[in-house]
Amino acid sequence: MEPTPTSSGERLNRFLARSGVSSRRGAEEIMAAGQVTVNDVVVREPGAKIDPETDVVEVDGVRVGVATGRMYVMLNKPTGYVSTLSDPQGRKTIAELMPATDRRLFNIGRLDMDTTGLLMLTDDGELAHRLMHPKYHVSKEYLATVYGRPAEETLQLIRDGIELDDGPTAPAEISIDRPGDTTSVVRLVIREGRKRQVRRMLGAVGHRVLALHRVRFGPITLGDLPFGMTRELTPQETAALIENAGLGRMR
Ligand code: URA
């Protein structure tokens with residue numbers, strides 16, 4: 001699909017500003033620099049217009065969208081908190097770490113009480129449902145501190161898939177991030193989300209997990225957000241997440 005003719009639609013610089021990418025002037029600059037595409041075609045003309053409903057706008061290859069009216073939050077979960085907003089057993093929950101909001105947020109998947117790292121929350125039920133559904137194979141990346149130093153053959157077992165008591169695991173990616181004699185850090189990417197899956201996979205090949213930290217969920221990376229802190233996703237991150245969930249253009 002070609003960019004919409006310049007006579008109708010919304011100005012591209014206004015759309016970029018409305019999406020939180022930059023100011024209108026800044027938008028013109030990144031357009032002039034050739035960083036903006038509409039339906040895969042570079043658009044540099046300051047007066048270009050688009051149809052925000054149908055055109056696919058990207059900045060440096062990342063999809064841009066406008067606000068959905070929903071809230072998307074990331075948390076760097078510390079250990080010792082359960083990944084629910086209330087707990088009948090009275091344990092500490094992530095609700096204590098949430099920003100003040102009157103929205104009804106819920107978490108997208110869970111991390112074990114003793115797992116740290118990226119956990120996302122939203123009031124966008126459709127998106128959350130998709131991101132948690134095994135059918136969409138959302139990739140999750142973990143850093144696991146394990147006892148010993150896994151041998152290459154051991155890593156290959158994990159890559160090929162291993163037998164757990166609830167069935168075989170799908171092929172996974174694994175590499176050694178920091179080798180050590182007593183403990184090592186491995187980086188593992190899985191596309192499933194079974195209970196204590198990473199701990200069970202590594203335990204099954206003889207490397208008990210001492211600490212587990214999630215650094216990525218689909219296209220969203222934790223970055224340097226401190227433990228216990230939250231922040232809202234940027235419009236670009238939100239658009240990437242929505243696209244990753246197969247929901248296509250912004251709703
Ligand atoms: N795998 C685990 O074992 N625990 C988590 O919290 C997440 C993935």
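Residues numbered from 1 in each chain as written. Predicted model: local features only at pLDDT ≥ 70, side-chain atom pairs only at ≥ 80, totals over all residues. Heavy atoms only, no water.

Visitor: Can you explain the overall build of the protein chain? Please cite residues and give values.
Guide: The helix and strand inventory of the protein chain stands at six helices and 17 strands. Over its C-alpha atoms, taken along the principal directions, the protein chain stretches across nearly 65 × 45 × 30 Å. The buried share among the 251 residues of the protein chain stands at 47%. Within the protein chain, residue pairs in contact and separated by at least 24 positions form 65% of the contacts whose partners lie at least 6 positions apart. For the protein chain, the computed accessible surface area is about 12,600 Å², with 50% contributed by carbon and sulfur atoms. The averaged location of the 34 negative side-chain charges in the protein chain is 4 Å from the averaged location of its 34 positive side-chain charges. (Helix = DSSP H or I, 4+ residues; strand = E, 2+ residues; numbered from the N terminus. Buried < 20%, exposed > 50% of the residue type's maximum accessible area, 1.4 Å probe, protein only. Contact = heavy atoms within 4.5 Å. Areas by Shrake-Rupley, 256 points an atom, 1.4 Å probe, with all protein chains shown as cover. Lys, Arg positive; Asp, Glu negative; His and termini not counted. Charge placed at Lys NZ, Arg CZ, Asp CG, Glu CD.)

Visitor: Explain the nonpolar core to me, using residue names and the numbers behind them.
Guide: In terms of nonpolar packing, the biggest core is built from 29 residues, with I158, L188 and L202 touching the most fellow members. If you list the elements that add at least two residues to this core, you get β7 (72-77), β9 (115-122), β10 (140-147), α4 (152-160), β14 (183-190), α5 (197-204) and β15 (209-217). Each of two domains, domain 2 (72-134 + 219-244) and domain 3 (139-217), supplies a minimum of three residues to this core. The residues contacting L188, other than those within four sequence positions of it, are K140, E141, Y142, I158, A172, E173, I174, V198 and L202. (Core = buried A, V, L, I, M, F, W, Y, C linked by side-chain atoms within 4.5 Å. Domains from an automatic or database assignment.)

Visitor: Summarise the side chain of H213; cite the residues concerned and give the values.
Guide: Along the chain, the position of H213 falls in strand β15. Of the polar contacts made by the side chain of H213, one reaches the side chain of T116; its length is 2.7 Å. In this structure, H213 is in contact with N76, T116, G117, E141, Y142, L143, L222 and F227, ignoring residues within four places of it in sequence. (Polar contact = N/O pair within 3.5 Å; in protein donor to acceptor, adjacent residues only side chain to side chain.)

Visitor: How would you sum up helix α6 (residues 235-244)? Please name residues and give values.
Guide: Where α6 is concerned, the buried positions are E237, T238, A239, L241 and I242. The secondary structure elements touched by the buried residues of α6 are β6 (62-63), β7, β9, α3 (125-132), β16 (220-221) and β17 (230-232). Directly beyond the C-terminal end of α6, a positive phi value near 75° is found at G246.

Visitor: How would you summarise the side chain of E237 if you had to cite specific residues and measurements?
Guide: Position of E237 relative to the elements: it lies in helix α6. Among the polar contacts listed, one links the side chain of E237 to the side chain of R231, at a separation of 2.8 Å. Excluding anything up to four places from it in sequence, E237 contacts M74, I220 and R231.

Visitor: So what's going on with the site of the ligand? Residues and values would help.
Guide: The local shell around the ligand consists of L111, D112, T115, Y142, R196, Q197, V198, R199 and L212. Taking T115, its side chain carries an N or O atom lying 2.9 Å from an oxygen atom of the ligand. A distance of 3.1 Å separates a nitrogen atom of the ligand from a polar backbone atom of V198. Relative to its unbound accessible area of 240 Å², the ligand is 95% covered by the protein chains. In terms of residues, the shell around the ligand owes the most to one element, α5, which gives three residues. (Near = heavy atom within 4 Å.)

Visitor: Lay out the domain arrangement of the protein chain with the relevant residues and their values.
Guide: Where interface size is quoted, it is often the accessible area lost as the parts come together. The domain architecture assigned to the protein chain consists of domain 1 (10-63), domain 2 (72-134 + 219-244) and domain 3 (139-217). For domain 1 and domain 2, the distance between their C-alpha centres works out to 30 Å. Of the residues lining the interface, five residues belong to domain 1; the matching set on domain 2 comes to four residues. When domain 1 packs against domain 2, the two sides together hide about 400 Å² of surface, and 52% of this comes from carbon and sulfur. There are zero salt bridges connecting domain 1 and domain 2. Inspection of the domain 1/domain 2 interface yields zero residue pairs in polar contact (both at pLDDT 80 or more). (Buried area = accessible area lost by both parts, 1.4 Å probe. Salt bridge = Lys/Arg side-chain N within 4 Å of Asp/Glu carboxyl O.)

Visitor: Tell me about α3, residues and numbers included.
Guide: Every buried residue belonging to α3 is among L127, A128, R130 and L131, and all of these are buried. All buried residues of α3 project into a common sector of 165° when viewed along the axis, lining one side. The secondary structure elements touched by the buried residues of α3 are β7, β8 (106-108), β9, β15 and α6. (Arc of directions from axis to C-beta.)

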